[in-house]
Amino acid sequence: MSDIKEILTKYKSIAMIGVSNDATKPSTIVMKYMQKYGFKVYPVNPSAKGQKILGENVFAKITDIKDSVGIVDVFRPSKEALDIARDTIAIGAKVLWLQLGIRSEVAKKIVETNQIKYVEDKCTKMEYQRHFLKIRQAFPVLKKQDWSSFFLLPKLDDNSHLYFFELMIFLNLTHLL
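Predicted model only: the values in this text are computed from it and were never measured.

Chemist: Kindly report on the overall build of the chain, identifying the contributing residues and their values.
Modeler: Looking only at helices and strands, the chain has seven helices and seven strands in total. For the chain, the N- to C-terminal ordering of α and β elements is α-β-α-β-β-β-β-α-β-α-β-α-α-α. Counting all 177 residues of the chain, 44% fall into the buried class. Looking at the chain alone, contacts between residues at least 24 apart form 58% of all its contacts between residues at least 6 apart.

Next up, the structure:
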């Protein structure tokens, strides 16, 4: 069994950092999808603290969650990964999962030093589909540098690849909702 399949089989609670009140955002779409397949998802967003997203109370930070968390799933820029990794260690989570386009060698080093599994640049929803539903993505051969030229999109900023994936996830998920 692959590490990712093992992770998604073994750990059924996810603290999802960066979930939005906007139902069209990839983080919210992924949250809804993971809930549909039996995962308990704790939305984390300091701007929405105290509100509810998809029926769940929103936390300001993962250290506010009192229940056990298996996976910390991150929809935030790479530069925030180190602090999130420290909080992942503090709460005793088993996996730090950085979504598509998000990487951090420093975060990887500190979580793995603390026997926490590390996944980067992968989407929990897409990986669940791949391993359990045998669904493949529409453009698996594209690499990050190919996206803007393939779709004739201008390079907006360092996170433009995240906008592309927001669009791709949205387009891919709308038929499943």
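Having seen the model, we can carry on.
Chemist: So what's going on with helix 5 (residues 124-133)? Which residues, and what values?
Modeler: One turn of the α-helix equals 3.6 residues, which is why residues spaced by three or four share an orientation. Taking burial as the measure, the ten residues of helix 5 include seven buried ones, the bulk of the element. Listing the buried residues of helix 5 in full gives Thr-124, Lys-125, Met-126, Glu-127, Tyr-128, Gln-129 and His-131. Immediately beyond the C-terminal end of helix 5, within one or two residues, lies Lys-134, with a positive phi of roughly 60°.

Chemist: So what's going on with the pattern of salt bridges? Residues and values would help.
Modeler: Within the structure shown, the criterion is met by six salt bridges. Two residues, Glu-80 and Arg-76, come together in a salt bridge whose shortest N-O distance is 2.8 Å. Since its relative accessible area comes to 27%, Glu-80 is described here as partly exposed. Across the pair Asp-121 and Arg-103 runs a salt bridge, and its minimum N-O distance is 2.5 Å. In this pair, Asp-121 is assigned in the loop between strand 7 (117-119) and helix 5 and Arg-103 in the loop between strand 6 (95-98) and helix 4 (105-113), connecting sequence segments 18 residues apart. The exposure class assigned to Asp-121 is partly exposed, which follows from its relative accessible area of 24%. Residue classification places Arg-103 among the partly exposed residues on the basis of a relative accessible area of 39%.

Chemist: Summarise helix 3 (residues 81-91); cite the residues concerned and give the values.
Modeler: All of the buried residues in helix 3 are Ala-81, Ile-84, Ala-85 and Thr-88. One side of helix 3 carries all its buried residues, which in axial view fall inside an arc of 105°. Packing partners of the buried residues in helix 3 comprise strand 1 (13-17), strand 5 (71-74), strand 6 and helix 4.

Chemist: Outline the confidence of the model for the chain, listing residues and values.
Modeler: Residues shown with low pLDDT carry predicted positions that ought not to be read at fine detail. In the predicted model, the chain carries a mean pLDDT of 85, and the fraction of residues at 70 or more is 76%. Low pLDDT (under 50) marks residues 140-155, which in the prediction has twelve contacts with non-local residues, meaning those over four places away or in another chain.

Rules behind the numbers
Residues numbered from 1 in each chain as written. Predicted model: local features only at pLDDT ≥ 70, side-chain atom pairs only at ≥ 80, totals over all residues. Heavy atoms only, no water. Helix = DSSP H or I, 4+ residues; strand = E, 2+ residues; numbered from the N terminus. Buried < 20%, exposed > 50% of the residue type's maximum accessible area, 1.4 Å probe, protein only. Contact = heavy atoms within 4.5 Å. Salt bridge = Lys/Arg side-chain N within 4 Å of Asp/Glu carboxyl O. Arc of directions from axis to C-beta. pLDDT = per-residue confidence, 0-100.

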